[in-house]
Amino acid sequence: MATTDRQATTLALAHALSAAERGLAVIPLSRTKLPALRSPHRDDPDPAPCHGECGRFGHGVYDASTDPARIRELFAAAPWATGYGIACGLPPHHLIGIDLDTKSGTDSSAALRELALRHLFTIPPTVVVLTPSGGRHLWLTGPPEVVVPNSAGRLAPGIDIRGAGGYLVGPGSRTDHGVYSTAPGTAHIVPARCPRALLRLLLPPPRTHHPATPSAGGHGQGLVQFVLAAHEGQRNTRLFWAACRAYEDGIGPALVDPLVEAALNTGLTEREARATIASAARMTGHRP
């Protein structure tokens, strides 16, 4: 192994141990950002699902640990590792990663700001990790009883979510594209609590078990009433929220005209109302 690789592995281990001291469970990563240890079941003709019950390393995020002795064993088994991953969703932090990507051609930071304005939440000061490609990872914490799933682009284009079963590349990791680093002034901040309004957006939409009807049923009427109750200054926000829920529940197309009519009654113009509903459709992955 080249001296530079040995140095990268030594630094990665040091950073990983430091993260573990903060209660963050870690695994070694290769330069490709993938888990450095391959599955011990990769050659089995019909492998049974295993999350480490076999006692061997190579189960990805299920190997993650805060135990210094185990972390050293993991890195000893992967001397080519140049980085480390931090498992999300585990106690005590129940970490949630907001990955603001720059490679999709969209302004993910602007998309997050728009979401914050529309849903009335603020991202509090928290740990921010800068990626070699110019992106950012925001670290937030969730409540123990809530399981946030991983997703790619569901919240908005260019925004990926790392939740239970996922991991974030830790600061100090070296990859083929460069080094991950903590944004100035955030290295020793405790990850902030995820705002409730954002947390609700991160959870999967409820499944509908009945086909939508033209009237959209009682739930649709509830969304219409929610818009009708809007005061000046919250009309667009309420309309956008209701339209997002309608599209997520599969009743969006049936509810467009009732929502527009409700919005007109609150003082919005038809053009404003239809533009807001179209934005909600796009935000939830539907065609307006």
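This one's a predicted model, so the numbers in the text were calculated from it and none came from an experiment.

Calculation rules
- Residues numbered from 1 in each chain as written.
- Predicted model: local features only at pLDDT ≥ 70, side-chain atom pairs only at ≥ 80, totals over all residues.
- Heavy atoms only, no water.
- Helix = DSSP H or I, 4+ residues; strand = E, 2+ residues; numbered from the N terminus.
- Buried < 20%, exposed > 50% of the residue type's maximum accessible area, 1.4 Å probe, protein only.
- Contact = heavy atoms within 4.5 Å.
- Areas by Shrake-Rupley, 256 points an atom, 1.4 Å probe, with all protein chains shown as cover.
- Lys, Arg positive; Asp, Glu negative; His and termini not counted.
- Charge placed at Lys NZ, Arg CZ, Asp CG, Glu CD.
- Axes fitted to C-alpha atoms, helices over the stretch in contact; angles between N-to-C directions.
- Parallel < 35°, antiparallel > 145°, perpendicular 65-115°, else oblique.
- Left-handed = near helix turned anticlockwise from the far one by under 90°.
- Expected span 1.5 Å × (residues − 1).
- Bend = angle between axes of the 7 residues up to and from the residue.
- Salt bridge = Lys/Arg side-chain N within 4 Å of Asp/Glu carboxyl O.
- Pairing = 2+ DSSP bridges.
- Core = buried A, V, L, I, M, F, W, Y, C linked by side-chain atoms within 4.5 Å.

(A) Structural detail: the overall build of the chain. Within the chain one finds eight helices and 12 strands. Considering only C-alpha atoms, the chain reaches an extent of 70 × 45 × 30 Å along its principal axes. Residue burial in the chain is summarised as follows: out of 288 residues, 46% are buried. A fraction of 72% describes how many contacts in the chain between residues 6 or more apart in sequence connect residues 24 or more apart. Carbon and sulfur atoms provide 55% of the accessible area of the chain, an area that totals close to 14,900 Å². Within the chain, the 23 negative side-chain charges are centred at a point lying 4 Å from the centre of the 27 positive side-chain charges.

(B) The arrangement of the packing of helix 6 (residues 235-248) against helix 7 (residues 252-266) in detail. Running from N to C, helix 6 and helix 7 point in directions that differ by 165°, and their axes come no closer than 10 Å. Here helix 6 lies roughly antiparallel to helix 7, going by the angle between them. The two elements helix 6 and helix 7 meet at a crossing, and its hand is right-handed. Judged by residue contacts, Arg-235, Leu-239, Ala-242, Ala-243, Ala-246 and Tyr-247 of helix 6 engage Gly-252, Pro-253, Leu-255, Val-256, Leu-259, Ala-263 and Thr-266 from helix 7.

(C) Spotlight on helix 7. Between its terminal C-alpha atoms helix 7 stretches 20 Å, which fits the 21 Å expected from 15 residues at 1.5 Å a residue. Along its length, helix 7 shows its largest kink, about 30°, at Pro-258. Inspection of helix 7 places Gly-252, Leu-255, Val-256, Leu-259, Val-260, Ala-262, Ala-263 and Thr-266 among the buried residues, and these make up the whole buried set. Following helix 7 by one or two positions, Gly-267 has its phi on the positive side, about 115°.

(D) Inspection of the pattern of salt bridges at higher detail. The final tally for this structure, using the stated rule, is five salt bridges. Residues Arg-162 and Asp-99 are paired through a salt bridge, measuring 3.4 Å at the closest nitrogen-oxygen approach. Separated by 63 residues along the polypeptide, Arg-162 in strand 7 (residues 159-162) and Asp-99 in strand 3 (residues 95-100) bring together distant segments of the chain. Owing to a relative accessible area of 24%, Arg-162 belongs among the partly exposed residues under this scheme.

(E) Representation of the pairing of strand 2 (residues 83-87) in the model. Strand 2 sits mainly inside the fold: five of its five residues count as buried. By the alternation rule, side chains of strand 2 split into Gly-83, Gly-85 and Ala-87 and Tyr-84 and Ile-86, which are all buried. Two elements, strand 2 and strand 8 (residues 167-169), share three bridges in a ladder whose sense is antiparallel. Within strand 8, the position partnered with Ile-86 by the bridge is Leu-168.

(F) Expanded view of the nonpolar core. Grouped together as the largest cluster of nonpolar side chains are 46 residues, with contacts concentrated most on Ile-96, Ile-98, Ile-159, Leu-202 and Leu-259. In this view, Ile-159 contacts Ile-98, Asp-99, Leu-100, Ser-108, Ala-111, Leu-112, Leu-115, Ala-152, Gly-153 and Arg-154; residues no more than four positions away in its chain are not counted. Residues Leu-24, Val-61, Ala-81 and Val-127 belong to the second largest nonpolar core, which totals 31 residues.

(G) Representation of helix 6 within the structure. With 14 residues, helix 6 extends 20 Å between its outermost C-alpha atoms, agreeing within 8% with the 20 Å of an ideal straight helix rising 1.5 Å per residue. Of the residues making up helix 6, those classed as buried are Thr-237, Leu-239, Phe-240, Ala-242, Ala-243, Cys-244, Arg-245, Ala-246 and Tyr-247. Positive backbone phi, at 85°, marks Gly-250, one or two positions downstream of helix 6.

(H) Fine view of the environment of Pro-195. Structurally, Pro-195 can be placed in the loop between strand 12 (192-193) and helix 4 (196-202). The exposure class assigned to Pro-195 is buried, which follows from its relative accessible area of 13%. The spatial distance from the C-alpha of Pro-195 to the C-alpha of Ala-116 is 9.8 Å, given a sequence separation of 79 residues.

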